[in-house]
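# Geometric and topological summary
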Amino acid sequence: MSSEPKKVAWIIVGLMLGMLLGALDQTIISTAMPTVIRDLGGIAMYSWVFSIYMLTSTTSMPIFGKLADLYGRKRIYLVGIGIFVIGSALCGLATNMTELIIYRGLQGIGAGALMPIAMTIIGDIMPVEKRGKMQGLFGGVMALSSIIGPAIGGFIVEHLNWSWIFYVNLPFGIAAMVIIGSALKESRTTEKRSIDWLGALTLSGAIVSGLLGLVLGGDPEAVGSLHYAWGSPQIIGLFSACAILLGLFLWVETKAKEPMIPLHLFKNKVISVTSMIAVLMSVGMFGAITYIPLFVQGVIGVSPSIAGYILTPLMLSVVATAIIGGRLSSKVSYRTLIGTGMILIGIGFTFMSTMDAGTSKLFIILYMIVAGLGMGLIMPTLNIAVQGEVGATSRGIVTSLVQFFRSIGATVGVSIMGVMMTNRMADGLSGMGEKFRQIPAEQLKQFANPQLLLDANARAKLPADILTELQHVFVHGLSGIFLAGSLIVFAGVIITFFLGKARILPQETKPTDNDVRPNKDSMLQQSEFVSKPVCCCMLERIENETRLKKRKQDLKREATIWHPL
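Residues numbered from 1 in each chain as written. Predicted model: local features only at pLDDT ≥ 70, side-chain atom pairs only at ≥ 80, totals over all residues. Heavy atoms only, no water.

### Some points on the overall build of the protein chain
- Counting its regular elements, the protein chain contains 22 helices and zero strands.
- When burial is assessed residue by residue, the protein chain has 55% of its 565 residues classed as buried.
- In the protein chain, the proportion of contacts linking residues at least 24 apart, taken out of those at least 6 apart, comes to 81%.
- When the accessible surface of the protein chain is split by element, carbon and sulfur atoms take 67% of a total near 23900 Å². (Helix = DSSP H or I, 4+ residues; strand = E, 2+ residues; numbered from the N terminus. Buried < 20%, exposed > 50% of the residue type's maximum accessible area, 1.4 Å probe, protein only. Contact = heavy atoms within 4.5 Å. Areas by Shrake-Rupley, 256 points an atom, 1.4 Å probe, with all protein chains shown as cover.)

### Considering the packing of helix H14 (residues 334–352) against helix H20 (residues 464–496)
- Contact geometry for H14 and H20: axes closest at 8 Å, N-to-C directions at 165 degrees. The orientation of H14 relative to H20 falls into the category roughly antiparallel. For the pair H14 and H20, the crossing hand works out as left-handed. Touching Arg335, Ile338, Gly339, Met342, Ile343, Ile345, Gly346, Ile347, Phe349, Thr350 and Met352 of H14 are Phe482, Gly485, Ser486, Val489, Phe490, Gly492, Val493 and Thr496, all from H20.
- A breakdown of the residues in the contact of H14 with H20 according to their chemical character gives eleven nonpolar, seven polar and one charged. (Axes fitted to C-alpha atoms, helices over the stretch in contact; angles between N-to-C directions. Parallel < 35°, antiparallel > 145°, perpendicular 65-115°, else oblique. Left-handed = near helix turned anticlockwise from the far one by under 90°. Nonpolar A, V, L, I, M, F, W, Y, C, P; charged D, E, K, R; others polar.)

### Regarding the pattern of salt bridges
- Counted according to the given criterion, the structure contains four salt bridges.
- A salt bridge links Arg73 to Asp69, with the shortest nitrogen-to-oxygen separation between them at 2.6 Å. Taken individually, Arg73 and Asp69 each receive the classification buried, so the pair is uniform in this respect.
- As a salt-bridge pair, Asp124 and Arg73 come within 2.6 Å of each other at their nearest N and O atoms. Placement of Asp124 in helix H4 (residues 97–125) and of Arg73 in helix H3 (residues 73–93) is noted, with a sequence separation of 51 residues between them.
- Its relative accessible area of 15% is what places Asp124 among the buried residues.
- Beyond isolated ion pairs, a larger network of salt bridges with shared partners links Asp69, Arg73, Asp124 and Arg395. (Salt bridge = Lys/Arg side-chain N within 4 Å of Asp/Glu carboxyl O.)

### So, the nonpolar core
- Counting 129 residues, the largest nonpolar core has Leu15, Tyr77, Leu100, Phe295, Tyr334, Met352 and Met375 as the members making the most contacts within it.
- Residues within four places of Met375 in sequence aside, it is in contact with Met285, Ile289, Leu314, Val318, Ile345 and Phe349. (Core = buried A, V, L, I, M, F, W, Y, C linked by side-chain atoms within 4.5 Å.)

### Side note on the environment of Gly341
- Its location among the elements puts Gly341 in helix H14.
- The exposure class assigned to Gly341 is buried, which follows from its relative accessible area of 0%.
- C-alpha separation for the pair Gly341 and Thr321, spaced 20 residues apart in sequence, amounts to 9.3 Å.
- If near-sequence neighbours (up to four positions away) are discounted, Gly341 is found in contact with Gly374, Leu377 and Ile378.

### Regarding the packing of aromatic side chains
- Under the definition given, this model contains seven aromatic pairs.
- With centroids separated by 6.4 Å and ring planes inclined at 70 degrees, the aromatic side chains of Phe295 and Phe482 adopt a geometry described as edge-to-face. Remark: Phe482 occurs in helix H20 and Phe295 occurs in helix H11 (residues 292–300); sequence separation between them is 187 residues.
- Assessed through its relative accessible area of 0%, Phe482 is described here as buried.
- With 6.2 Å between their ring centres and 45 degrees between their planes, Phe363 and Tyr367 make a pair best called tilted. Taken together, the residues span about one helical turn, with Phe363 and Tyr367 both in helix H15 (residues 361–387) at a distance of four residues.
- Given a relative accessible area of 44%, Phe363 falls into the partly exposed group.
- By relative accessible area, which is 14% here, Tyr367 ends up buried.
- Aromatic ring contacts, followed pair by pair, group Phe266, Phe404 and Phe405 into a single cluster. (Phe/Tyr/Trp six-rings, centres within 6.5 Å; stacked < 30°, edge-to-face > 60°.)

### Side note on the side chain of Arg73
- Overall, the relative accessible area of 0% leaves Arg73 in the buried class.
- For Arg73, the side chain forms a polar contact with the main-chain oxygen of Ala68, separated by 3.4 Å. (Polar contact = N/O pair within 3.5 Å; in protein donor to acceptor, adjacent residues only side chain to side chain.)

### Some points on a positive patch on the surface
- A surface patch of positive charge is lined by Lys130, Lys133, Arg327 and Lys331.
- Mapped onto the fold, Lys130 is located in helix H5 (residues 128–159). (Patch = residues over 30% accessible without salt bridge, like charges linked within 9 Å, V, L, I, M, F, W, Y side chains within 5 Å. Lys, Arg positive; Asp, Glu negative; His and termini not counted. Charge placed at Lys NZ, Arg CZ, Asp CG, Glu CD.)

### Details of the packing of H3 against H4
- The N-to-C vectors of H3 and H4 enclose an angle of 155 degrees; their axes lie 7 Å apart at closest approach. Accordingly, the angle class assigned to the pair H3 and H4 is roughly antiparallel. Here the hand of the crossing between H3 and H4 comes out left-handed.

### With respect to the confidence of the model for the protein chain
- Averaged over the protein chain, the pLDDT score is 76; the fraction of residues at 70 or greater is 75%.
- Taken as a whole, residues 508–539 scores under 50 in pLDDT and shows 66 contacts with residues more than four places along the chain or in a different chain.
- Scored below 50 in pLDDT, residues 558–565 makes 38 contacts in the model with residues more than four places away or belonging to other chains. (pLDDT = per-residue confidence, 0-100.)

Below you can see the structure in the form of structure tokens.
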């Protein structure tokens, strides 16, 4: 793969444009969707505009990751961006909600390639010592999108047609394709490769059925959405199908010549532990931060526009520690960085669980900053850790697996926390009849609706005592979410101890000619899998030598497979 400084700089620019493409799309759409619903109708299908995107992007992540290992990063990355751009153009042309949902699904398929393969390319073109810094820069792109996205979305729906929330993706996508297509050079191989189609099919079926069960499960009487009770035949059937297809997938992978997800990867301690951490972190993190805007709008009473920006301090703190953590990743162990990050997230969520109607905005921001500092330490470290454990021919799949497990954890977390909030709020509302006997039952029933707190006009009309009680109900429901998130994250702290003293092993940098495929010996010299100098600590030295031996074996097995220069 091309290593000329100018080309590397252009590659990074192209990857950042692609990253901005996906991140900006989500934040812009979140702001503009009420206008889209007003023009297209179909409010009952509102959530599916986001759910279908999540379903298809999560499903395509490991598939694109494996294809990038088989056929090269450049080709598959360009295919992913192309699908995303086409899906964006079609979304802008949608004339009803059904069409919009279908095209969003197509968009999501392409999005599954953007983040994982971008991180894989960074792993290919940058030495291990600099990957953390790059991860921090890409985190900055994500934070930038969270800041400017809502403003862009609001401007578009106010001054332009809503279709432009999708058309704005086109120049970014096309520019990224042109830059990556011209700057990124890869070696080619004529070796015929086989695709594990049955593995891809069973894995996709398991993911879709499992995520559908999580998305569709809930209160069947909820207004404006389609849900089934958790014990209903539909939900049980979806989860059963997920379990069966997952078992079939695991069996298929043991027989496949080129398995979609090589199961032997999970024998590696670092990969298996970081996968579990990615799930637990996302369950707690996304399950909690999803409800922070709801808290400040429903309990504190801020406007929707301010609630949309309330996560900005959290994102900025993520960027700060992502850059710092990237630099520290070459000096301390993965366990130190990830464990510290998990502890900070847990502390932040614990503080959030104490929030009530009297909590000031300043303290809410401070709590988010504490949690964000922890998230920034973890996010880049997970990618760096797994990339350092495999050869180039498995780098795509392990990087995509990190994003995949994070996405799965986020979906599970949001679903679990949503059920918890609903049940806790229902408990709180059930006691309002005893407290307000003087109010007629029919009138109290109209008041006993926490959603009234989200409407400024309806909120202003509520009697003071009813408003206070509804705020307490909201606090009761949301405080349990933040506390549960902290407990889940603290459980992840325990798991980090199993990482041992694993850390980055420095890379010996030797110049190579572009587009020349090295032999086995030169591959070993140029790879990052070279032992560091003798350590003072004999135990750590022995552990590093053991890891090096395993890596050499992996390289020998992969020597005849495509390898980027």
